[in-house]
Amino acid sequence: MKKIIISTIAVSALLFTVTSCNTDFDTDVKDIPVTKGDADFSKYISLGNSLTSGYRDGALYSSGQNESYPSMIAGQMRLAGGGDFKQPLMPNDVGGFNNLPGFPGKLNLQMVNGSPSPVPSAPAAALDLLPSGSSYNNMGVPGAKSFHLVAPGYGSQAGLAAGKANPYFVRFASSATTSVLADAMAQKATFFSLWIGNNDVLSYATNGGTNSQTIGGVTTYTTATVQTGNTDPTLYKSNDISDPAVVAGSIKGVLDGLKSVGTTKGVIANIPYVTSVPFFTTVPYNPLTPEKLGANLATLNASLYGPLKQALTAFGAGDRINLLSSTSSNPVLIKDVALTDLSAQLTAALTPSLGPVMAGAFGQIFGQARQATSSDYILLTTSSVISTTAPGVPAPVNVYGISYPLQNQHVLTKTEAAYVKTATDAYNASIRSLADSYGLAFVDANAKMIDLNGQSGISFDGVKYSAKFVTGGAFSLDGVHLTGRGYGVIANEFIKSINAKYRSTLPQVDPNKYDGVKFP
């Protein structure tokens, strides 16, 4: 199947909105001679996670890495005396590892039942170990949390099975015992960028505030922990929210380590509110239109929603469920583990009409059920779950989101979203403080994401970018990571901050020349 990058002009109605020639990148220095100012760009290294590596479309692959924002920045630095910028490129343009479960290849937009849908590719190769003794300027490690950068053994192949290592760092770590920081320090760079902390809340959010465990092909979910006061990350489960003190301490450890080898000049970025990305904003909380429900609407009200609301009202919780509307879109049904569990009360109230067995099932299913609100976030991956049949659940209460609640892993509730925001605010306060105390350039990536998520988005040379899934141009098909064009937007934020701090005149990049979403 031939893939064509959508042209900004030819199909602007699908991917980009062509606007006037105004640009939101209003501090470019393209007409000024390029200088390094007070900085030395001769050896630049970047540290971070998937966003730094160039990860997009659900995978790390070579052409995406070549359009990482650090690679773009390095290209501009070369105009001011910067050196080569070496990246640990994947061996193919698909990504994934076929000898490691859970690492598929990149998503491609394909026609499924007449609609373009993201479809994962099969992984293209096994985990490859890059030549020993090599060093790389781009040290972004997909999946890394703040404390992983300072963790010895994070690149140990033997540690993969126990979940103590990361295959992306295993590929290019200098030894089985080293850390990302140690390998960065060994390069004695003259300039660095650091963007870390996103994954300390992201994995919690993208998994609906749950941790999972699969045994014998059966996956169970438990509520993830918002870690506060626990400063030992070795005790965390994979999707727990990191204690703010751990994030701040880890970032400080990176800065101290770099400073100890003379790498004192650089730029550091805060983290965006993860709920502003398409993974959380694409699926509406109320997708159940009267047309979608059809003749089942009246039946659901009479046999399920009506009796549930009546019983819950008697317990002072009538606001959890309202009758389905025949004139407007309706919210999905969800399970909210923050609610008081009324299973026993519902069972008792429904036993006279339903009998003890069915009433018991209703009590268990709906004891913490409610309809979603605009303060909840339905995950992008949940779009394929809504209206499907819940396995092992008897009809008629077995249709996800309609007669059976979407489960905790399917939704980031308003309570869980508040935990994410509180942690993000704490992380960002520390990052700003550390930038000031270490005399570093600072990038307010959170503010730029808010701009992207606004109704007007942002523009560059007549092209509009927004955080809308697929058609906004900035985000790739996984709904979390950026396209090449989106990374160009971020690269310019770094460049502007570097210029402001170090009196350099690095020109900005043109995001429009990089890859967007590829259509079939």
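Note that the coordinates shown come from a computational prediction; the quantities given were computed from them, not determined experimentally.

How each quantity is defined
- Residues numbered from 1 in each chain as written.
- Predicted model: local features only at pLDDT ≥ 70, side-chain atom pairs only at ≥ 80, totals over all residues.
- Heavy atoms only, no water.
- Helix = DSSP H or I, 4+ residues; strand = E, 2+ residues; numbered from the N terminus.
- Rg over C-alpha atoms; globule rule 2.2 N^0.38 Å.
- Buried < 20%, exposed > 50% of the residue type's maximum accessible area, 1.4 Å probe, protein only.
- Salt bridge = Lys/Arg side-chain N within 4 Å of Asp/Glu carboxyl O.
- Pairing = 2+ DSSP bridges.
- Axes fitted to C-alpha atoms, helices over the stretch in contact; angles between N-to-C directions.
- Contact = heavy atoms within 4.5 Å.
- Parallel < 35°, antiparallel > 145°, perpendicular 65-115°, else oblique.
- Left-handed = near helix turned anticlockwise from the far one by under 90°.
- Polar contact = N/O pair within 3.5 Å; in protein donor to acceptor, adjacent residues only side chain to side chain.
- Phe/Tyr/Trp six-rings, centres within 6.5 Å; stacked < 30°, edge-to-face > 60°.
- Lys NZ or Arg CZ within 6 Å of the ring centre and 35° of its normal.
- pLDDT = per-residue confidence, 0-100.
- Core = buried A, V, L, I, M, F, W, Y, C linked by side-chain atoms within 4.5 Å.
- Expected span 1.5 Å × (residues − 1).

Asker: Would you take a moment to explain the overall build of the protein chain for this structure?
Answerer: Per the secondary structure count, the protein chain includes 15 helices and 17 strands. Compactness check: the protein chain gives a C-alpha radius of gyration of 25 Å against a globular reference of 24 Å for 520 residues, within 12% of the reference. A principal-axis box enclosing the C-alpha atoms of the protein chain has dimensions of 80 × 50 × 45 Å. Here the protein chain, with 520 residues, has 55% of them falling under the buried criterion.

Asker: What exactly am I supposed to notice about the pattern of salt bridges here?
Answerer: Here the idea is simple: oppositely charged side chains can pair when their charged atoms come close. By the definition in use, this model includes 13 salt bridges. Between Arg 432 and Asp 436 there is a salt bridge; the shortest N-O distance is 3.4 Å. A residue pair is termed a helical-turn pair when its members lie 3 or 4 positions apart in one helix, as Arg 432 and Asp 436 do in helix α13 (residues 414-437) at four residues. The shortest N-O distance in the salt bridge between Lys 448 and Glu 493 comes to 3.4 Å.

Asker: Would you explain the sheet that holds strand β9 (residues 266-269) in this entry?
Answerer: Across a sheet, paired strands are connected by hydrogen bonds in the backbone, their directions being either parallel or antiparallel. With parallel pairing, five strands are arranged side by side in an open sheet as β5-β2-β6-β9-β14. Among the strands making up the open sheet, the edge pair consists of β5 (138-140) and β14 (441-443). Neighbour-to-neighbour, the strand axes of this sheet turn through a mean angle of 15°, independent of strand direction. Where β9 lies against β14, three bridges are found, and the strand directions are parallel. Within β14, the position partnered with Ala 269 by the bridge is Val 443. Docked against the sheet, helix α7 (residues 244-260) engages β2 (44-48), β6 (191-195) and β9, running at close to 175° with respect to β6. Strands in contact with helix α15 (residues 484-502) are β6, β9 and β14; relative to β14, the strand with the most contacts, it is inclined by about 150°.

Asker: Would you mind going over unusual backbone geometry with me for this structure?
Answerer: It is generally the case that most residues other than glycine have a negative phi and that most peptide bonds are trans. Here the amide bond leading from Ala 395 into Pro 396 is cis, since omega sits at 10°, within 30 degrees of zero. Within the fold, Pro 396 resides in the loop between β12 (377-378) and β13 (411-412). One non-glycine residue, Lys 188, lies in positive phi territory at about 50°. Note that Lys 188 resides in the loop between α5 (180-185) and β6. Positive phi, normally seen in glycine, also occurs at Ser 387, with a value near 80°. Looking at where Ser 387 falls in the secondary structure, it is placed in the loop between β12 and β13.

Asker: Explain the packing of helix α3 (residues 69-77) against α15 here, please?
Answerer: In a packed pair of helices, the relevant descriptors are the angle between the two axes and the axis-to-axis distance. Running from N to C, α3 and α15 point in directions that differ by 50°, and their axes come no closer than 8 Å. Considered as vectors, α3 and α15 are oriented oblique to each other. For α3 against α15, the interelement crossing comes out right-handed. Side by side, α3 and α15 meet where Tyr 69, Met 72, Ile 73, Gln 76 and Met 77 of the first sit next to Gly 484, Tyr 487, Gly 488, Ile 490, Ala 491, Phe 494, Ile 495 and Ile 498 of the second.

Asker: How do you make sense of the packing of helix α6 (residues 199-206) against α13 when you look at a structure like this?
Answerer: Running from amino to carboxyl end, α6 crosses α13 at an angle of 170°, the nearest separation of the two axes being 10 Å. One way to sum up the angle between α6 and α13 is to call them roughly antiparallel. Contact residues: Asp 200, Val 201, Tyr 204 and Ala 205 in α6; Glu 416, Tyr 419, Val 420, Ala 423, Thr 424 and Tyr 427 in α13.

Asker: It is not clear to me how the side chain of Thr 206 should be interpreted in this structure. Could you clarify?
Answerer: Its place among the elements puts Thr 206 in helix α6. Reaching out from Thr 206, the side chain makes a polar contact with the backbone oxygen of Ser 203 at a distance of 3.5 Å. Those residues within four positions of Thr 206 in sequence are excluded, and the remaining contacts are Phe 279, Phe 280 and Leu 379.

Asker: Just checking my understanding: could you explain the packing of aromatic side chains for this structure?
Answerer: Note on aromatic pairs: each is described by the distance of the centres and the angle between the planes. Overall, the coordinates contain 19 aromatic pairs when judged by the stated rule. Considering the side-chain rings of Phe 279 and Phe 280, the 5.2 Å spacing of their centres and the 70° angle between planes classify their relative orientation as edge-to-face. Taken together through their ring pairs, the aromatic side chains of Phe 41, Tyr 44, Phe 85, Phe 191 and Tyr 502 make up a single cluster. Taking the ring centre of Tyr 61 as reference, the NZ or CZ of Lys 106 above it sits at 4.3 Å.

Asker: Looking at this model, I keep getting lost on α3. Mind explaining?
Answerer: The α-helix winds at 3.6 residues per turn, so residues separated by three or four positions along the chain end up facing the same way. Extensive coverage of α3 is indicated by the burial of nine of its nine residues. Buried residues of α3: Tyr 69, Pro 70, Ser 71, Met 72, Ile 73, Ala 74, Gly 75, Gln 76 and Met 77, and no others.

Asker: Help me understand the confidence of the model for the protein chain in this model?
Answerer: When pLDDT is low, close inspection of the predicted coordinates is not appropriate. Looking at the protein chain as a whole, the pLDDT averages 92, with 94% of positions reaching at least 70. Counting interchain partners and residues more than four positions distant, the pLDDT-below-50 stretch residues 1-22 has 54 contacts.

Asker: Could you clarify how one ought to interpret the environment of Phe 97 in this entry?
Answerer: You can see Phe 97 is positioned in the loop between α3 and β3 (107-112). You can call Phe 97 buried: its relative accessible area is 1%. Spatially, the C-alpha atom of Phe 97 lies 27 Å from that of Thr 222, the residues being 125 residues apart in sequence. Not counting residues up to four positions away in its chain, the partners in contact with Phe 97 are Met 90, Phe 103, Pro 123, Ala 125, Ala 126, Leu 127, Asp 128, Pro 167, Tyr 168 and Arg 171.

Asker: Help me understand the nonpolar core, please; the structure alone is not making it clear to me.
Answerer: It is characteristic of soluble globular proteins that their nonpolar side chains tend to be buried jointly. Judged by nonpolar contacts, the single largest core of 139 residues is most densely connected at Leu 194 and Phe 366. Of the residues forming this core, the biggest block, eight residues, is contributed by α15. Beyond its immediate chain neighbours, meaning those up to four positions away, Phe 366 contacts Leu 304, Leu 308, Leu 333, Leu 346, Val 397, Ser 403 and Pro 405.

Asker: I keep staring at the pairing of strand β4 (residues 115-120) and nothing clicks. Help me out?
Answerer: As a general feature of sheets, a regular strand has side chains that alternate between the two faces. Both β3 and β4 contribute to a ladder of six bridges, which runs antiparallel. Its bridge partner being in β4, Leu 109 is matched across the sheet by Pro 118. As consecutive antiparallel partners, β3 and β4 are separated by two residues, and within that stretch Asn 113 has a phi angle of approximately 50°, a positive value.

Asker: I tried to follow α7 on my own but got confused; where do I start?
Answerer: Compared with an ideal rise of 1.5 Å per residue, which puts 17 residues at 24 Å, α7 spans 24 Å between its outermost C-alpha atoms and is within 8% of the ideal. Taken as a whole, α7 has its buried residues at Val 246, Val 247, Ala 248, Ser 250, Ile 251, Val 254, Leu 255, Gly 257 and Leu 258. The opening residue of α7 is Asp 243, an N-cap whose side-chain oxygen sits 2.7 Å from the backbone nitrogen of Ala 245. In the stretch just after α7, Gly 262 is the one whose phi turns positive, near 90°.

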